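Listed here are the chains, written in short residue letters.
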Amino acid sequence: HTHCDGDSDLFRDDDVSVDFDNGSLILVHDDSGDRVEITESHELIVNGESVSLDRGERELVGDYYETFHEIVEEAASIGIQGAKIGVKGATLGLKAALGTLLLISPDYDEDDLEEAIGEDEEEIDRIAKKLEKRAKRLEKTADTLERLHKKLRRDVSELDDLGWF
């Protein structure tokens, strides 16, 4: 994943790659090559050097890692569910098109067409509403991540000194 947003509220520079590799959260500044790694055990490593953290800083690093991981996982899941809704919508569109053609038959009327696609429409709407609720919760989690990021930058000088974090 590459974060290249001109109005970035998270990183102070636009060219930061973000990835999870072998359980570690890896942040790499594309221009300088600076690398920040947070391991599953919440260790912080900046440019290959382990950073000594007090208890509060370690807890903050852990919260940041867990929140970032949650966002990545949930965003991927929402994307997959959104794609499924898209497929269901396309299928519904095909049913509606076929049903419209069937309207020329004397044995098929608008009520038949509405019945054929009505249940699918309701299912798609129900799934989309659930997905929208998940997306709103994800947005709140992203706000939490932003607050944690700023606090981490403020509390851990090795991160603030990078200039882009």
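This text goes with the structure placed above it.
What you are looking at is a predicted structure, and each value in this text was computed from that prediction instead of being measured. (Residues numbered from 1 in each chain as written. Predicted model: local features only at pLDDT ≥ 70, side-chain atom pairs only at ≥ 80, totals over all residues. Heavy atoms only, no water.)

Each helix and strand counted, the chain has 3 helices and 6 strands in total. When the helices and strands of the chain are read in sequence order from the N terminus, they spell out β-β-β-β-β-β-α-α-α. Taking 165 residues into account, the globule formula puts the C-alpha radius of gyration at 15 Å, and the chain, at 24 Å, lies well above it. Projected onto its principal axes, the C-alpha coordinates of the chain cover approximately 80 × 30 × 30 Å. Counting the 165 residues in the chain, one finds 32% classified as buried. (Helix = DSSP H or I, 4+ residues; strand = E, 2+ residues; numbered from the N terminus. Rg over C-alpha atoms; globule rule 2.2 N^0.38 Å. Buried < 20%, exposed > 50% of the residue type's maximum accessible area, 1.4 Å probe, protein only.)

So, about a negative patch on the surface. A contiguous patch of negative charge on the surface is contributed by Asp109, Glu110, Asp111, Glu114, Glu115, Glu119, Glu121 and Glu122. On the secondary structure map, Glu114 appears in helix 2 (residues 110-155). The exposure class of Glu114 is exposed, given its relative accessible area of 58%. (Patch = residues over 30% accessible without salt bridge, like charges linked within 9 Å, V, L, I, M, F, W, Y side chains within 5 Å. Areas by Shrake-Rupley, 256 points an atom, 1.4 Å probe, with all protein chains shown as cover. Salt bridge = Lys/Arg side-chain N within 4 Å of Asp/Glu carboxyl O. Lys, Arg positive; Asp, Glu negative; His and termini not counted. Charge placed at Lys NZ, Arg CZ, Asp CG, Glu CD.)

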